[in-house]
Amino acid sequence: MLMISPKMASGMQEKQYTPSLLSFFIYNPTFGPREGEEEKKILFYHPSDVEKNEKIRNVGLCEAIVQFTRTFCPTKPAKSLHTQKNRQFFFEPEENFWMVMVVRNPMIEKPNKDGKPPTVEYQEEEMLLPSCLLQCYSMYKLFNGTFSRAMQAGGVELLMQKLEKFFYRYLQTLHLQSCDLLDVFGGISFFPLDKMTYLKIQSFVNRVEESLSLIKYTAFLYNDQLIWSGLEQDDMRILYKYLTTSLFPRHSEPELAGRDSPMRPEVAGNLLHYGRFLTGPTNLKDPEAKFRFPKIFVSAEDGYEELHLIVYKVHSLVCFLIASVELTREFCEQLDSLVGPQLTLLASDICEQFTINRRISGPEKEPQFKFIYFNHMNLAEKSTIHMRKTASVCLTSVHPDLMKILGDINCDFARVDEDEEIIVKAMTDYWVVGKKSDQRELYVILNQKNANLIEVNEEVKRLCATQFNNIFFLD
Amino acid sequence: MAEEHYLELSENPVQFEHASSVNNVFFDEANKQVFAVRSGGATGVVVKGPDDKSSVAFRMDDKGEVKCIKFSIGNKILAVQRTSKSVDFINFIPDYPHTEFSQECKTKNASILGFCWTNWNEVVFITDQGIEFYQVFPDKRSLKLLKSQSINVNWYQYCPETAVILLSTTVQGNILQPFAFRNGTMSKMSKFEIELPVVPKPAKLSLSERDIAMATIYGQLYVMYLKHHSRTANSPSAEVVLYHLSREGSCKKSHVLKLNTTGKFALNIVDNLVVVHHQSSQTSLIFDIKLKEPDCALNIHQPVLPARSIHPYRIPLSGPAAVPSQPPVPCQLYSSSWSVFQPDIIISASEGYLWYLQVKLPPTVNLLQDKGKLMDFLLRRRECKMVILSVCSQILEVGEKGSLPVVATVFDKLNQVYKDYLEAEQSYTQAMESGPSRGSAAQKRPVRTQAVIDQSDMYTHVLSSFTERKGVSHKFIIAVLMEYIRSLNQFQITVQHYLYELVIKTLVQHNLFYMLHQFLQYHVLSDSKPLVSSNQELILRRRVCGSVDAPHLPLSPSRARLPRRAGYVHRFSVSLLNCVLSGVFAAVSGEHVPTRTPAVPGHAEASVHGQRRDHRGSAVEAAGSGCAQIHPQRRWPRQRVCAEVPGRGAADRRPDAVLHGV
């Protein structure tokens, strides 16, 4: 199966193809060590309609590559294999469990005049995909726990069931062509907030956790930006990804539909506050309402704990709470009455701040500088390049070629430990500057005709001084 | 059972010879002196004051029964009233003639109800037909009438603190006319009417002297009226009505204290609290007129605390017959022989004791369940500091469900007072700096009362021991600390660094580095004193205890480098590193290390190993078609500085600073 999405058709009738997923499989070599039992190794294979022998062959090949490269570096086996047509990425998330993703390289198809089959040129640019594999695993783990947990609970059968159920749906939502720098970072966008409002939120969180003892962790988002997380960073990172790319977009559509639209769910007739559950019951008053919340697995002191995710929303302010036991109607009502009114107040506080901030930062629609900033330390990211990011589309305000350059610079940074600065002049009068200072990375795209290197350097300095005045960049 | 008596009699009462057929006892409210006059003074007058200095003993001729006897202020002149027509004076100033001299009241056929000293040489006679204000010339042994006023008087009351005399006029006696005295002048204040529960027919004197008292509460003069219940009117129980008497303007009915019972009452004022003694139940009630009952134009107050009796008092046996081993005799409280004087004096003439009534704060803590109200109450008391701090500890100790909102209210109340003091102090300093010439007399240095509980008090007495106590969940500890920091911020009080240290220590001990990082990111743990970027602490932590896993640190330990770029960066970093390190040490070794370890600066020094390299030219490489890649690596000094903002101070940081801090 080929998922080809023609992106651009030029006047020359050239066809460009973006990278696409060829196959994705998970295997464990210890499950079928003897000859003739190879099929047992395979836990999941996408696409599923591939012939059995081919599956076995592909798995065997990967196994062999990994084994072979292990002899050179026992601690770090191969991570990827690049060929002319495609790339394979290997990842061992748990001992002996391997996840492999095969992606076809982007290519350009040039038609030949005299009726011959068109010539195909594969492009060997850097691809920002290894992070994608890790994300697949993290997402699986968030909702299902580790592979070995499923093995303990119900053996290979259960694990295969779970993998099938999860990845069948998940792989459909993978959009390799729109994968860019932000996906590599997997960062969290933080909402700027003054200290006092932040402390008020702290106070609220502490009170909620104290009075509703079932709640173990709380986190706070506004406008899809994180304000507070009681969860550990890694858990928050993947949960943030899930919320912003999957859960929130799914729920924002009925909200955008307007008040009179039939799509809008009946608001529970609550005049005191505007709170509602995004997970669990849509209407508390409904006697038929189901009080089922998605289960998630987060790291705890001793391995993993299984928790229930409650997402509660007031306007743009989302508070999600994580409770440790099965939840009842009484609990939900108690939570609704306790959290709803307070959250409504906080939401208006924050909204006020938000508008003030926006006024200060100026009314211009297009930000003066286009930049992406990422801090490895706290996973904070900020982008003025991306307009809106959802699961399916990633709207950027710059040309994809520039995005590719950003990806290249990032790959360069990843290779060295030292601080670096890279300035690139692109073909189209654009300058791209990448800066790596300790744990922070900053990418700036400048559009200045006839600018020289010194001017570009000055410009970036100015940006650092104005936009990042409280961050110590080195220069 | 916990101690519940919140009122007590003073430990060291003033003792005097008890009243008898040969010994008359008088009390002067102005000088708080007790006069024991034996046989009209012939066999001696013993004066006992609140301290030994004001105690005198002398003898005077017996010229008839003494009706009233008082010293002028400073024991300069003694005035004795023996008849209803005149008052006699004796000089007590050394080198002045000691012979008595006398002054008759000017108004004919008037009889003197009493007299009051308003100064060392100024005296007021109150007669049934008016008041006469005299100046005394002890050297000339004569008096000069300064001013007089004709008015029918039933009885009078004198408040020595404010030098205000209150006269009861009209037939019913319920029109009260106050006069104020100051530096030889007498000024008439506006009169006012006390609303009687029943208007008698025919009119007769219905307002008794016993039911009126004057006292200053929170610096304001009030006339307190004990309004007894009456069957005809709709008042099922007695109440105390307070009239605010301001020097200018009219007298307004301002507070009503509900007694919820009937019977005989007496009033005292202790520490700005109105104490109402109820004789038949032998209990007392206290009221705080500043404890607001909301939505009420006229403040109606209920007792702050349930009625309790005064703490049992034992009279130590005295005199030659006393044997040390003999147990003291319990004193009968609320005895009918007690006389109560303003503000806080109780005299038992038959036993010969004068006590000061005192409020004990510790028992109130358990009697008042509403902690917010309790704080309001305690913050207005004189000796409140330790009690407030113990209440804070107690709230934190309980740590039961839903106590955080209570903690928050209490912190807010404390910090309100703290903030008010800081502001007053600041405006005083500014006024002083701007030059003492302008209105220097008006600006008085603000008094720091015990109610000002600052951060070091909280830290020393409450928070540091609270965070170290075993069995308290770290979540609760952090919640409480954050609540305190929130409250301080809310009142725009600069948070002291040791509070941050406490938060950091607790977070580090429980491996909550992500939380710590978030707090730093949002400047919750900075501002007052610039702190270094969180990077360093976290890295350092990893360095110091590499065994403790810090999963979200993508850094290799070798990257721990301290800023050296600016001196200040280094300086302040030491303090924070200090506390983080000590927290780390504590976390590793399981014990607490004092936060200021002298070794730490050295440690920080050791980890600064910024390598200087020469700035060389940038290497330019051609890469790709049309792309010039420049690697100016060498222009980047190897030494890393990653402090998020220190320096420029909070003032020029914009509200969206966090945006850039991330």
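Fair warning: this is a prediction, and the values are worked out from it, not measured in the lab.

A tally of helices and strands in chain B yields 12 helices and 34 strands. Residue burial in chain B is summarised as follows: out of 662 residues, 52% are buried. Taking all contacts inside chain B whose residues are at least 6 apart in sequence as the whole, residues at least 24 apart take part in 52%. In the structure as shown, chain B presents an accessible area of about 29,900 Å², 50% of it carried by carbon and sulfur atoms.

Time to look at the sheet that holds strand β24 (residues 265–270) of chain B. Residues and elements named next belong to chain B. Judged by pairing direction, the sheet is antiparallel, and its three strands sit side by side in the order β24-β25-β26 without closing on themselves. Edge strands, defined here as strands with exactly one partner in the open sheet, are β24 and β26 (283–287). Within the sheet, the average angular offset between the axes of one strand and its neighbour, ignoring direction, is 25°. Here β24 runs beside strand β25 (residues 273–278); their pairing, made up of six bridges, is antiparallel. Within the sheet, the bridge partner assigned to Ile269 lies in β25 and is Val274.

What follows is about the packing of helix α5 (residues 195–211) of chain A against helix α4 (residues 403–433) of chain B. Between α5 of chain A and α4 of chain B, whose axes approach to 8 Å, the crossing angle comes to 145°. Here α5 of chain A contributes Asn206, Arg207 and Glu210 of chain A to the contact with α4 of chain B, which in turn contributes Ser403, Leu404, Pro405 and Ala408 of chain B.

The next point concerns unusual backbone geometry. One can expect most non-glycine residues to show negative phi and most peptide bonds to be in trans. Residue Pro47 of chain A follows His46 of chain A across a cis peptide bond; omega there is -5°. Along the chain, Pro47 of chain A turns up in the loop between β4 (42–46) and α1 (52–70). Gln342 of chain B connects to Pro343 of chain B through a cis peptide bond whose omega is -5°. With respect to the element layout, Pro343 of chain B can be found in the loop between β30 (338–341) and β31 (345–348). Positive phi, normally seen in glycine, also occurs at Lys32 of chain B, with a value near 55°. Along the chain, Lys32 of chain B falls in the loop between β3 (23–28) and β4 (33–38). The backbone of Arg141 of chain B shows a phi angle near 55°, a positive value even though the residue is not glycine. With respect to the element layout, Arg141 of chain B can be found in the loop between β13 (130–137) and β14 (142–150).

A word on the side chain of Lys436 of chain A. All names here are of chain A. Among the structural elements, Lys436 can be located in strand β21 (residues 430–437). The buried category is assigned to Lys436, whose relative accessible area is 8%. Of the polar contacts made by the side chain of Lys436, one reaches the backbone oxygen of Phe413; its length is 3.2 Å.

Moving on, we get to the nonpolar core. The biggest cluster of nonpolar side chains holds 189 residues, and the ones touching the most others in it are Phe24, Phe167, Phe220 and Phe320 of chain A together with Leu463 of chain B. A domain-level breakdown of this core finds at least three residues from each of domain 1 (154–309) and domain 2 (361–431 + 446–495) of chain B. Apart from the residues lying within four places of it in its own chain, the contact partners of Leu463 of chain B are Leu396, Met458, Val480, Leu481, Tyr484, Leu499 and Leu502 of chain B.

On to the side chain of Asn206 of chain A. With respect to the secondary-structure elements, Asn206 of chain A resides in helix α5. Among all residues touching Asn206 of chain A, those that are not within four sequence positions of it are Leu404, Ala479 and Met482 of chain B.

Moving on to the packing of α4 of chain B against helix α6 (residues 474–490) of chain B. Residue and element names in this part refer to chain B. For the pair α4 and α6, the least separation of the axes is 9 Å and the interaxial angle reads 35°. The handedness of the crossing between α4 and α6 comes out as right-handed. On the side of α4, the interface is formed by Ser403, Leu404, Val407, Ala408, Phe411, Asp412, Asn415 and Tyr418, while α6 contributes Phe476, Ala479, Val480, Glu483, Tyr484, Arg486, Ser487, Leu488 and Gln490. Looking at the contact of α4 with α6, its residues break down into 10 nonpolar, four polar and three charged.

Residue and element names in this part refer to chain B. Spatially, the five strands line up as an open sheet ordered β20-β21-β22-β23-β27, and their pairing is mixed. Whereas interior strands pair on both sides, the edge strands pair on one side only; in this sheet they are β20 (212–217) and β27 (299–301). Across the sheet, the mean angle separating the axes of adjacent strands is 30° when strand polarity is ignored. Here strand β23 (residues 251–258) pairs with β27 via three bridges, running parallel. Looking across to β27, one finds that Leu257 is bridged to His301.

This part covers the pattern of salt bridges. All names here are of chain B. One pass over the full model with this rule turns up 26 salt bridges over all chains. Here Lys253 and Glu195 are joined by a salt bridge, their closest N and O atoms 3.7 Å apart. Taken together, the residues span a long stretch of sequence, with Lys253 in strand β23 and Glu195 in the loop between β19 (192–193) and β20 at a distance of 58 residues. Among the residues examined, Glu195 registers a relative accessible area of 44% and is labelled partly exposed.

On to the packing of aromatic side chains. If you walk through the whole model with that rule in mind, you get 41 aromatic pairs over all chains. Plain terms: the ring middles of Phe24 of chain A and Phe167 of chain A are 5.2 Å apart, the flat faces sit at 40° to each other, and that makes the pair tilted. Taken together, the residues span a long stretch of sequence, with Phe24 of chain A in strand β3 (residues 20–27) and Phe167 of chain A in helix α3 (residues 147–172) at a distance of 143 residues. The class for Phe24 of chain A is buried, based on a relative accessible area of 0%. Taking the centre distance of 5.6 Å and the plane angle of 20° together, the rings of Phe89 of chain B and Phe101 of chain B count as stacked. In this pair, Phe89 of chain B is assigned in strand β9 (residues 86–91) and Phe101 of chain B in strand β10 (residues 101–104), connecting sequence segments 12 residues apart. What makes Phe89 of chain B buried here is its relative accessible area of 0%. The buried category is assigned to Phe101 of chain B, whose relative accessible area is 6%. Site record: aromatic cluster; members linked through ring pairs are Phe24, Phe31, Phe44, Phe91, Phe97, Tyr137, Tyr140, Phe147, Phe166, Phe167 and Tyr170 of chain A. Its guanidinium or amino end placed over the ring of Phe115 of chain B, Lys70 of chain B lies 5.3 Å from that ring's centre, counting from NZ or CZ. When the ring centre of Tyr218 of chain B is taken as reference, the NZ or CZ atom of Lys290 of chain B above it lies at 4.5 Å.

Residues and elements named next belong to chain B. Scanning the entire structure with this criterion turns up six cavities of 30 Å³ or more. If you add up the space inside the largest cavity, you get close to 70 Å³. Every residue lining the largest cavity is listed: Glu29, Lys32, Tyr158, Cys159, Pro160, Glu161, Met214, Ala215, Gln342 and Pro343. Residue assignment for the lining of the largest cavity shows that the elements contributing at least two residues are β15 (155–159) and β20. Of the residues in the lining of the largest cavity, the class split is six nonpolar, one polar and three charged.

Let us look at α5 of chain A. The end-to-end C-alpha separation of α5 of chain A is 24 Å, in line with the 24 Å expected for 17 residues at 1.5 Å each. Summarising burial for α5 of chain A: 14 of the 17 residues are buried, a large majority.

Definitions and limits used
- Residues numbered from 1 in each chain as written.
- Chains lettered and ligands numbered in written order.
- Predicted model: local features only at pLDDT ≥ 70, side-chain atom pairs only at ≥ 80, totals over all residues.
- Heavy atoms only, no water.
- Helix = DSSP H or I, 4+ residues; strand = E, 2+ residues; numbered from the N terminus.
- Buried < 20%, exposed > 50% of the residue type's maximum accessible area, 1.4 Å probe, protein only.
- Contact = heavy atoms within 4.5 Å.
- Areas by Shrake-Rupley, 256 points an atom, 1.4 Å probe, with all protein chains shown as cover.
- Pairing = 2+ DSSP bridges.
- Axes fitted to C-alpha atoms, helices over the stretch in contact; angles between N-to-C directions.
- Polar contact = N/O pair within 3.5 Å; in protein donor to acceptor, adjacent residues only side chain to side chain.
- Core = buried A, V, L, I, M, F, W, Y, C linked by side-chain atoms within 4.5 Å.
- Domains from an automatic or database assignment.
- Left-handed = near helix turned anticlockwise from the far one by under 90°.
- Nonpolar A, V, L, I, M, F, W, Y, C, P; charged D, E, K, R; others polar.
- Salt bridge = Lys/Arg side-chain N within 4 Å of Asp/Glu carboxyl O.
- Phe/Tyr/Trp six-rings, centres within 6.5 Å; stacked < 30°, edge-to-face > 60°.
- Lys NZ or Arg CZ within 6 Å of the ring centre and 35° of its normal.
- 1 Å grid on protein atoms, 1.4 Å probe; cavity = no way out; pocket = protein on both sides within 12 Å on 5 of 7 lines; lining within 4 Å.
- Points joined across faces, edges and corners; volume = space filled by probe spheres on them.
- Expected span 1.5 Å × (residues − 1).

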